[in-house]
Every structure is written in C-alpha cells, then in structure tokens.
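Structural description and commentary
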Amino acid sequence: MRLTGLKRVYIVDDEEDIRTVACMALELIGGFVVGQAASGEQALAEAAAFGPDLILLDVMMPGMDGPASLKLMLADPDLSHIPVIFMTGMVQPQEVAAFLAMGASAVIAKPFEAMKLAAQLHEIWNRSL
Amino acid sequence: MSVRSDLLVRREFDLDLSFMKTGDRKFGRNIIKASIMAFLVALLVASSCYITIQRLNELHVRSLASQELILSLGHVLQTVKGEESAQRGFMITGKESYLQPYLFAQSSLPGQINHLSQLMGNDASMELLVVEINAKQADLQSIETTIRTNGSNWPGLVALTDSSNRAMDGINDRILGMILQQENMFEDLENERAGLYSRVVALVSSLIVFELLLCGISALTIGRNRAARLDSERLLNAKNALLRAQRDEFKSANDQLTAASMRFESLFQHIPVACVYTDSKGKILEWNQTSESLFGYTREEALRSTIFQTVVPPRDIATARKAMAAALAGQSLSAMEWVCLNKKGEERELFANLIPLLGEDDLPMGTIAAMIDITERKAVELLKNEFVSTVSHELRTPLTSIRGALGLVCSGAVGTLSDKALQLCAIANSNTERLVRLINDILDMEKIESGNLAFNNVDCCITDVVRNAIEENRGFADQFQISLALTAKESNTRVYADPDRLIQVMNNLLSNAIKFSPNRCEIIVEVHRATEGVIVSVEDCGPGIPEEFRLQVFDRFAQADSGDTRQKGGTGLGLSISKAIVEHLGGRIWFDTLETGTRFTFHLPYATASSGERYEIDRS
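A few points on the structure. Computed from a predicted model, the values in this text were never measured in an experiment.

**A closer look at helix α10 (residues 419–450) of chain B**
Residues and elements named next belong to chain B. For α10, which comprises 32 residues, the first-to-last C-alpha distance of 46 Å matches the rise-based estimate of 46 Å (1.5 Å per residue) to within 8%. Check the buried side of α10 and you find it contacts α9 (375–411), α12 (499–516) and α14 (574–584). Within two residues after α10, G451 carries a phi angle of roughly 75°, on the positive side.

**Regarding empty space enclosed by the protein**
Residue and element names in this part refer to chain B. Evaluated as defined, the whole model comprises two cavities of 30 Å³ or more. What the largest cavity holds in volume is close to 50 Å³. In terms of lining, the largest cavity is formed by E84, Q87, R88, M91, L140, I143, T161, S164 and N165. At the level of secondary structure, the elements contributing two or more residues to the lining of the largest cavity comprise α1 (3–93), α3 (124–150) and α4 (156–270). At four residues, α1 tops the list of elements feeding residues into the lining of the largest cavity. Taken together, the residues of the lining of the largest cavity sort by class into three nonpolar, four polar and two charged.

**Description of the pairing of strand β1 (residues 8–12) of chain A**
Residues and elements named next belong to chain A. With four of five residues buried, β1 lies mostly within the body of the structure. Examined bridge by bridge, β1 and strand β2 (residues 33–37) share five bridges and lie parallel to one another. Following the sheet pairing, V9 is matched in β2 by V34. Each parallel crossover has a hand, and the one from β1 via helix α1 (residues 16–30) to β2 is right-handed. As paired elements, β1 and strand β3 (residues 54–58) share four bridges and run parallel to each other. Across the sheet, I11 pairs through a bridge with L56, a residue of β3.

**Points about the pairing of strand β5 (residues 106–109) of chain A**
Residues in a regular strand project their side chains so that they alternate between the two faces of the sheet. Residue and element names in this part refer to chain A. Burial along β5 is one-sided: A106 and I108 are buried, while V107 and A109, pointing the other way, are not. Here four bridges tie strand β4 (residues 84–88) to β5, and the two strands are oriented parallel to one another. When the sheet's bridge partners are listed, T88 is paired in β5 with A109. A crossover connection joins β4 to the parallel β5 through helix α4 (residues 93–102); in handedness this β-α-β unit is right-handed.

**Quick look at the state of the cysteines**
Residues and elements named next belong to chain B. Tallied over the full model, the rule gives one disulfide over all chains. What pairs with C521 in a disulfide is C541, and their sulfur atoms sit 2.4 Å apart. When the S-S torsion is 90°, as for the bridge of C521 with C541, the disulfide is right-handed. Of this pair, C521 sits in the loop between α12 and β9 (522–529) while C541 is found in the loop between β10 (534–539) and α13 (562–568), placing the two residues 20 residues apart along the sequence. Using a relative accessible area of 12% as the deciding quantity, one classes C521 as buried.

**Re the packing of α1 of chain A against helix α5 (residues 114–127) of chain A**
All names here are of chain A. At a closest axis distance of 8 Å, the pairing of α1 and α5 adopts a crossing angle of 70°. As the angle between them shows, α1 and α5 are arranged roughly perpendicular. Of the two elements, α1 crosses α5, and the hand of that crossing is right-handed. Contacts between α1 and α5 pair V21, A22, A25, L26, I29 and G30 from the former with A114, M115, L117, A118 and L121 from the latter.

**Observations concerning the nonpolar core**
All names here are of chain B. In this structure, I462, L502, M506 and F602 are the most contacted members of the largest nonpolar core, which totals 45 residues. Examining the composition of this core, we find that eight residues originate from one element, α12, more than from any other. Each residue touching L502, except ones within four places of it in the same chain, is listed here: I462, V465, V495, A497, L585, F602 and L604.

**Side note on the sheet that holds strand β12 (residues 598–604) of chain B**
Residues and elements named next belong to chain B. Across the sheet, which stays open at both edges, the five strands sit in the order β7-β9-β10-β12-β11 with mixed pairing between neighbours. Single-partner strands in this sheet number two, and they are β7 (483–488) and β11 (588–593). Between one strand and the next, the sheet's axes are offset by a mean angle of 15°, whatever the strand orientation. In the packing of helix α11 (residues 462–478) onto the sheet, the strands contacted are β7, β9, β10 and β12, and the crossing angle to β7 comes to about 170°. Contacting β7, β9, β10, β11 and β12, α12 runs over the sheet at an angle of about 170° to β12.

**Quick notes on the side chain of S305 of chain B**
Residues and elements named next belong to chain B. Relative to the assigned elements, S305 resides in the loop between α6 (299–303) and α7 (307–310). Owing to a relative accessible area of 11%, S305 belongs among the buried residues under this scheme. Apart from residues no more than four positions distant in its own chain, S305 is found in contact with K283, I284 and T310.

**Describing unusual backbone geometry**
Put simply, K110 of chain A and P111 of chain A share a cis peptide bond, and its omega is -5°. If you trace the backbone, P111 of chain A turns up in the loop between β5 and α5. Even without being glycine, Q481 of chain B reaches a positive phi, approximately 50°. Tracing the backbone through its elements, the reader meets Q481 of chain B in the loop between α11 and β7. Positive phi values are uncommon outside glycine, yet R520 of chain B reaches one of about 60°. Position of R520 of chain B relative to the elements: it lies in the loop between α12 and β9. The exposure class assigned to R520 of chain B is exposed, which follows from its relative accessible area of 64%.

**Some remarks on the packing of aromatic side chains**
One pair of aromatic rings is described through two measures. These are the centre distance and the angle between the planes. Taken as a whole and assessed by the stated rule, the structure comprises 10 aromatic pairs over all chains. Centroid distance W287 of chain B to Y297 of chain B: 6.4 Å. Interplanar angle 75°. Geometry classified as edge-to-face. Pair noted here: W287 of chain B is in strand β2 (residues 284–287) and Y297 of chain B is in the loop between α5 (289–295) and α6, with a separation of 10 residues, a long-range link. Comparing W287 of chain B with Y297 of chain B, the two get one shared label, buried. For the ring pair F476 of chain B and F480 of chain B, a centre distance of 5.5 Å and an interplane angle of 85° mean the geometry is edge-to-face. Overall, the relative accessible area of 25% leaves F476 of chain B in the partly exposed class. A cation over an aromatic ring shows up here: R8 of chain A above the ring of F50 of chain A, its NZ or CZ 4.3 Å from the ring centre.

**Thoughts on the layout of surface pockets**
Taking a probe equal in size to a water molecule and rolling it over the atoms shows the remaining empty space. Residues and elements named next belong to chain B. In this structure, the second largest pocket encloses a volume near 340 Å³. Lining the second largest pocket are 21 residues, and of these I307, V312, A320, W338 and C340 lie nearest its centre. Listing elements by their share of the lining of the second largest pocket, those giving two or more residues are β1 (274–279), α8 (317–328), β3 (333–341) and β5 (364–373). For the lining of the second largest pocket, the leading source of residues is α8, giving five residues. In terms of residue class, the lining of the second largest pocket is made up of 15 nonpolar, three polar and three charged.

**Some remarks on the pattern of salt bridges**
If you walk through the whole model with that rule in mind, you get 28 salt bridges over all chains. For E58 of chain B, the salt bridge is made with R55 of chain B, and the minimal N-O distance between the two is 3.2 Å. Taken together, the residues E58 of chain B and R55 of chain B, both in helix α1 and three residues apart, mark about one turn of the helix. Here D592 of chain B ties to R599 of chain B by a salt bridge, and the two come within 3.9 Å at their closest N and O atoms. We classify R599 of chain B as partly exposed; its relative accessible area is 26%. Through salt bridges with shared partners, a single network forms among E113 and K116 of chain A together with R403 and E433 of chain B.

So, how was this worked out
Residues numbered from 1 in each chain as written. Chains lettered and ligands numbered in written order. Predicted model: local features only at pLDDT ≥ 70, side-chain atom pairs only at ≥ 80, totals over all residues. Heavy atoms only, no water. Helix = DSSP H or I, 4+ residues; strand = E, 2+ residues; numbered from the N terminus. Expected span 1.5 Å × (residues − 1). Contact = heavy atoms within 4.5 Å. 1 Å grid on protein atoms, 1.4 Å probe; cavity = no way out; pocket = protein on both sides within 12 Å on 5 of 7 lines; lining within 4 Å. Points joined across faces, edges and corners; volume = space filled by probe spheres on them. Nonpolar A, V, L, I, M, F, W, Y, C, P; charged D, E, K, R; others polar. Buried < 20%, exposed > 50% of the residue type's maximum accessible area, 1.4 Å probe, protein only. Pairing = 2+ DSSP bridges. Right-handed = clockwise from strand over helix to strand, strands pointing away. Disulfide = S-S within 2.5 Å. Axes fitted to C-alpha atoms, helices over the stretch in contact; angles between N-to-C directions. Parallel < 35°, antiparallel > 145°, perpendicular 65-115°, else oblique. Left-handed = near helix turned anticlockwise from the far one by under 90°. Core = buried A, V, L, I, M, F, W, Y, C linked by side-chain atoms within 4.5 Å. Phe/Tyr/Trp six-rings, centres within 6.5 Å; stacked < 30°, edge-to-face > 60°. Lys NZ or Arg CZ within 6 Å of the ring centre and 35° of its normal. Salt bridge = Lys/Arg side-chain N within 4 Å of Asp/Glu carboxyl O.

So, in structure tokens, the structure goes:
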C-alpha cells in the first residue's frame with residue numbers, strides 16, 4: 001500500500017524526442033519530478049538511484065526490450081515494488097492482457113496525449129492504491 | 001450406352017421373359033397332365049368296352065344257338081307229331097297216302113335228331129329225348145306192322161296205340177320242357193346282353209362326357225391361359241416400353257455422366273490445386289498434374305508409394321495419421337495448414353482440406369487431400385506483418401513526439417503564442433490527430449482482413465456504451481454547436497460484445513454525423529429493443545448520401561465527396577471498420593436516407609447465458 005502521493009516518475013524510452021515531450025508534459029502539466037533512461041539496461045542500472053514512485057517503460061527498444069526489462073525489474077529487490085506502466089503502440093486487447101500478465105500495472109497507448117498524460121498517471125496511481 | 005448400363009437393361013428384360021416362360025411351362029405341364037389323364041381314361045374305357053363287346057358277341061352266338069335249338073326242337077316235335085298223325089290217319093282210313101308224313105319223318109328225323117344233338121352237345125335231356133324218339137319210332141313201326149298184318153281193327157292195337165300215345169306225350173313234354181329251358185336261357189342271355197349293352201353305352205357315354213368335360217376344361221384353360229398370356233404380353237410390352245424409356249434415360253444420364261466425368265478429369269488434372277487420393281494405409285491412388293508440379297514426383301512414381309514415403313515429413317507422420325484417421329471416420333477437415341516435402345526435400349507450406357474418399361458402399365475407404373501451395377503467400381504475409389509492425393512503430397514513434405510537442409505548445413504550457421502561431425499550431429495539431437486516426441484505421445483494417453482483430457467480449461449494457469461514446473464526442477460536436485440527444489427506453493439492455501469496439505463503431509457513426517451535419521442542429525441517437533435484438537441508430541441532419549454512392553458506403557476508402565470529406569478530416573475507413581466489427585459480433589449495419597439527413601442503424605443480438613460459449617464456437 002502506498003502512503004505517499006505520486007511525485008517521481010521515471011521514463012524509459014529509446015526515442016529521445018518522446019522522452020523529452022513526456023518529461024515536459026509531466027513536469028509542466030503534472031508537476032512531477034521526472035527521470036529518464038534511453039534503454040532497459042540503463043534503467044536497471046540507474047532507476048533505483050533515482051527512486052521513482054512509478055516507471056513509464058517503452059516496449060519496443062533495441063537491445064533489452066520492455067518486457068525483458070520488466071522481468072528484471074520485478075526480480076530486483078530495489079525496483080520490484082515500483083509500479084511499471086508500459087507505454088506502447090501495441091494496444092490490441094490480447095497484447096494489453098499479455099503485458100498485464102507480465103506484471104505491468106497498466107498500459108498507455110502511443111501516441112499519447114501530452115496534456116492528458118499526467119492525469120492518466122494520477123488515475124492509475126490512485127486506482128492501484 | 002456403356003457395357004454396364006446395357007447389362008443392366010438386358011437383365012431387366014431377362015427377368016420379365018423368365019416370368020413369361022415360367023407361366024408357359026406351367027400351362028404346358030397342365031395340358032400334358034390333362035392329355036395323359038384323358039388318354040388313360042379313354043384306354044380304360046376302351047378296354048372295358050372291348051371286354052364287354054367280346055362278351056356281347058359271345059352272348060349273341062349263344063342266343064343264336066339257343067334260337068336255333070328252339071327251332072330245331074320245334075321241328076323235331078312237329079315231325080314226330082306229323083308222324084303220329086300220319087299213322088293215325090293210316091290206322092283209321094287204311095289209306096297209304098296218309099303215311100306220307102310218316103315216311104318223310106322216318107327219313108328226316110334221324111338228320112334232325114343228329115343236328116339237334118350237335119346243337120345240344122352232351123346233354124342228359126337230349127339223350128333221354130333221343131331214347132324216347134327212338135322208342136316212339138319203334139312203337140310206330142310196330143303199329144304200322146300190326147295194322148298191315150292184323151288190320152286196323154285188331155284188338156291189341158289199342159294197347160299199342162295207348163302206349164304210343166303216352167310215348168308221344170312224354171316226347172311232347174320233354175321237347176316243350178327243353179324249349180322252355182332254352183327260352184329261359186335265351187331270355188337270360190338277352191337280359192345279360194341288354195345289361196352289357198347298357199354298360200357299353202354308359203361307358204361310352206361317360207367317356208364322351210368325360211372327354212367333352214376335359215375338352216371344355218382344356219378349352220377354358222387354354223382360353224384363360226391365352227387371356228393371361230395376352231395380359232402378360234400387354235404387361236410385358238408396357239414394361240418393355242418403360243424399360244426402353246428407362247434405358248434411354250439411363251443412356252442419357254450415362255452420357256451426361258461420361259461428359260461430367262471427362263469434365264471432372266480435365267478439371268482434376270488442370271485445377272491449380274494439388275489433389276491426392278489415398279487408401280486407408282496412405283498408398284497413393286491418384287495424383288493430378290498440379291501434385292506433380294508441386295511435389296516433383298510423376299504420377300507413376302507417386303502411385304508406387306505412400307504419402308509417408310514421399311511428401312509427409314518424418315516429424316509429422318503421427319499428425320498426418322491422426323488426420324487420416326479422422327477423415328476415415330467420416331470427418332471433413334478443412335482450412336488446415338501443413339508442411340510437406342517435395343522430391344528435392346524442400347519444405348512447402350500448404351493450405352489443405354482432407355475429406356473421406358467414399359467407396360461403392362458409401363463408406364470411407366481412403367482420403368482425398370486438396371492442397372494449395374501457400375509457401376510464397378506465407379512468406380509475403382510474414383513480410384507484410386513485419387512491414388505493418390514496422391510501419392506502425394516507425395510512424396507512431398515520430399507521431400508521439402509531434403503530437404505531444406504540439407499539444408504542449410498549443411496548450412500554452414511552454415509559453416504564450418501569438419494568435420497566428422496558435423492558429424498554425426491548431427492546424428498542425430488537427431492534422432496530427434487525423435494522421436493518428438488514419439494509422440489506427442489502417443492497422444485495424446489490416447487486422448480485420450487478416451482475421452487478427454482482437455475482441456474482448458463481455459456481457460455489457462449497450463446504453464452505457466452508447467452514452468460513453470456520446471460523451472466522448474460531445475466536445476467535437478460542441479465545436480459546431482451540434483447537440484447530441486440520446487433516446488433509450490430501456491436502461492439495462494445487455495449485449496455480449498467488446499465495449500471498446502462498440503465505442504469505436506459509435507465514434508465512427510457519431511463523428512460522421514457531426515461532420516456531415518450543418519451547425520446548430522441536433523443528432524438523435526436511439527437505443528431500443530426489438531424482437532431480434534438491440535437496435536442502435538444515429539440520425540443526422542446532413543445533406544444525405546448521393547444515390548450513386550449508396551452502394552459503396554461501406555467500402556474501404558469510400559468517400560462521397562473527397563473534397564468535402566477531406567475538409568472534414570475523414571479517412572474513408574470508419575464505416576468499413578464499423579461494418580466488420582458489427583458483423584463480427586453477430587449483428588448487421590445499414591443506413592436509411594431520410595427526407596433530411598441519414599440514419600445509420602446497427603443491430604446486435606441480446607446477451608444470453610450461453611452467449612460466451614456460442615461466440616467461442618462461432619469463432620472457432
């Protein structure tokens with residue numbers, strides 16, 4: 001059970017433009033503190049140090065993709081308690097079901113609406129309390 | 001006509017002729033029996049008549065003999081009496097002339113007696129008669145001598161005369177007795193003859209009656225047989241006519257069958273589908289030209305082997321045997337995907353149907369496999385999937401950045417813009433949204449065509465889904481001062497569907513209605529229950545669909561007026577996707593052109609307890 005509000009969000013995406021837009025949207029609209037990583041490997045190495053309340057994870061990334069990264073995060077004691085939200089264009093019902101079955105807390109469809117992204121995260125955060 | 005059909009017809013004719021011959025043989029046997037019986041009866045009667053006639057002849061001879069005997073006895077008696085009378089006359093008159101009969105008797109009597117003795121045979125009465133006549137003769141001679149010696153007045157003559165008279169009486173009595181005896185015998189013979197004659201008459205009459213009766217029966221039988229034969233012939237003629245008609249029909253059918261068989265053979269050999277017939281063990285029975293091309297084995301090579309020795313990969317033999325067993329059990333397996341080997345050992349991907357090969361008893365005796373080589377198609381499909389996936393990702397990735405960035409800029413989150421900059425940002429933002437919809441629609445269309453569009457069906461309230469869709473589109477409608485009105489008489493109408501897909505349908509219908517309606521009008525959305533299911537309609541107040549475009553409304557990329565639609569930002573895929581979704585959910589969609597505007601309507605079946613199971617079965 002989370003006792004604090006959503007403040008720190010960590011974005012993992014190989015596309016720098018997307019990371020930039022998402023960071024700006026979350027910082028400017030949502031007022032979050034946002035950290036970012038360009039790959040799954042980087043996220044596994046640095047996310048724990050950032051101490052996020054929530055991780056936004058891209059699915060299709062070169063090298064370690066989203067599902068592989070999630071698997072390792074869930075196995076990492078420092079990260080396993082942090083909810084992970086997939087952000088992807090793969091939003092067919094069976095794809096979403098598969099991501100949830102892997103341990104993701106939710107799935108946000110790309111292309112996301114920048115102005116609504118913060119609100120979406122709040123909703124998911126509150127729903128999972 | 002083929003040999004087979006000719007034999008069939010001939011067999012039918014043979015059957016009828018045998019029926020006729022059987023009747024004739026029976027009739028012939030009856031006639032022979034009757035003839036034998038008539039002959040035997042006639043023989044019996046003739047034998048009996050012959051014996052009787054023989055007896056009659058014998059009796060006739062005996063009657064004649066008896067009559068002659070009576071006459072002879074009468075002559076003898078007459079002669080003896082004449083002799084007696086002559087002597088009396090001589091004795092009374094003394095005249096010699098009276099002795100003439102006496103002298104005649106003296107000379108003729110021995111002959112008469114001799115003749116009589118021959119007629120009588122060894123008869124005691126005859127012997128006594130002869131003795132008495134001889135004695136009488138002796139008496140008469142003695143009297144004559146006495147008269148001549150002593151005269152007719154001699155006293156002793158009286159005694160002699162008396163004695164002679166008594167002898168005469170005795171002879172008279174004996175002869176009369178013998179005549180009477182002969183007359184009795186004659187009467188007996190005549191009676192017997194009459195009886196025998198009657199018997200002969202009766203026998204002959206009986207024979208005649210019997211023969212007449214037999215002739216009558218025979219004539220009747222012949223008549224009846226003739227009538228029966230005529231009936232049989234008529235029946236046979238009718239049957240023959242029927243059989244000829246059947247033969248002609250059979251010949252026509254056979255000709256058609258032969259032609260169809262040739263057409264089938266031509267089709268079988270040239271159809272671009274590999275067709276392989278096997279027996280229950282997998283031995284190849286037939287192998288068309290496409291199979292030769294596909295697998296590389298000639299027909300002769302194939303017919304010497306089994307599918308397991310030629311085309312089935314060793315790893316798939318168990319699976320292939322299982323499929324064969326199912327087909328041999330009467331199942332038809334369709335739309336299967338197999339991997340087979342050609343003669344070079346290369347794997348080919350096949351789309352296949354496997355059905356039972358029925359024998360003459362209509363029971364499966366093997367299998368028929370119809371296969372299409374989809375190796376290239378699968379490769380293209382794989383490439384296409386990879387392409388769609390890549391395009392999807394590669395298009396979405398920059399779109400995500402563009403959309404997000406424009407959204408932030410347009411919202412003023414990163415600083416205040418001039419009015420013209422804001423206007424340009426809005427244009428860019430709007431076209432980004434349009435591009436997002438276009439990509440989503442294209443991907444959905446591709447998934448629909450490949451059968452990969454996923455549905456997460458649940459029991460849901462259609463009114464709630466429609467209400468949510470209206471709320472989602474209210475902002476868009478507000479831009480044109482268009483109101484969205486919902487009319488739902490029942491609040492909890494359940495359907496078994498994917499709510500997200502239903503919202504997709506409603507979004508398409510509502511956005512179209514908004515786009516094509518003039519500002520400040522009202523769009524009416526109605527949900528109501530009908531016998532066959534739920535009816536949902538969206539009625540706009542636009543210009544209506546041009547008549548020449550109505551048949552293409554649900555086609556892909558169909559746009560009534562491309563210039564106008566482009567202004568409205570449509571992709572031309574929305575209605576096509578909506579139609580596919582509604583039909584996938586077991587419903588149908590259509591439109592009605594109204595006096596003012598158009599009403600799009602779709603129907604969905606009600607949710608039931610077994611909706612989920614039925615849906616899964618239908619999908620499978």
